[in-house]
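Each chain, written out:
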Amino acid sequence: MALKVDVEFKGIRVVGAYVAVMMSGISEDKTEQFFTALYRVSPGQDIFYSSSYASPYNMEGANPFIQAYEYLKNLPEFNGSSDC
């Protein structure tokens, strides 16, 4: 799973950037998860940007990756993103 989103990086517009999640871990009390969004021009390309996040984690919910992508899709910078 990944997301496609239009972004601006160092003044250059990247249309349809490929964003994949790399999990970092889950808090000791299992209420929060940590992950990094890795931005590429397209799958298989080098990473041109990364951003780290912490989000709520629900042990009864979907797997952590799905929860991370759902969290990202609700952020303003991912407005208009699509699954890919």
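None of the values given here were measured: they were computed from a predicted structure. (Residues numbered from 1 in each chain as written. Predicted model: local features only at pLDDT ≥ 70, side-chain atom pairs only at ≥ 80, totals over all residues. Heavy atoms only, no water.)

A separate point is the sheet that holds strand β1 (residues 3-9). Strands sit in the order β4-β3-β2-β1-β5 across an open sheet of five strands; the sheet is antiparallel. Across the chains shown, the open sheet's two edge strands, defined by having one partner strand only, are β4 (47-56) and β5 (82-83). Alignment of strand β2 (residues 12-26) against strand β3 (residues 32-40), held across eight bridges, turns out to be antiparallel. Bridge pairing in β3 links M22 to T36. Seen against the sheet, helix α1 (residues 64-73) touches β1, β2, β3, β4 and β5 and runs at an angle of roughly 140° to β2. (Pairing = 2+ DSSP bridges. Helix = DSSP H or I, 4+ residues; strand = E, 2+ residues; numbered from the N terminus. Contact = heavy atoms within 4.5 Å. Axes fitted to C-alpha atoms, helices over the stretch in contact; angles between N-to-C directions.)

Bridge count for β1 against β2 is six bridges, and the pairing is antiparallel. The residue of β2 that forms the bridge with K4 is Y18. Taking the residues that link successive antiparallel strands as the turn, the β1-β2 hairpin has two residues, and the phi of K10 there is positive, at about 50°. Hairpin connection between β2 and β3: a loop of five residues separates the two successive antiparallel strands, and K30 in this loop has a positive phi of roughly 60°.

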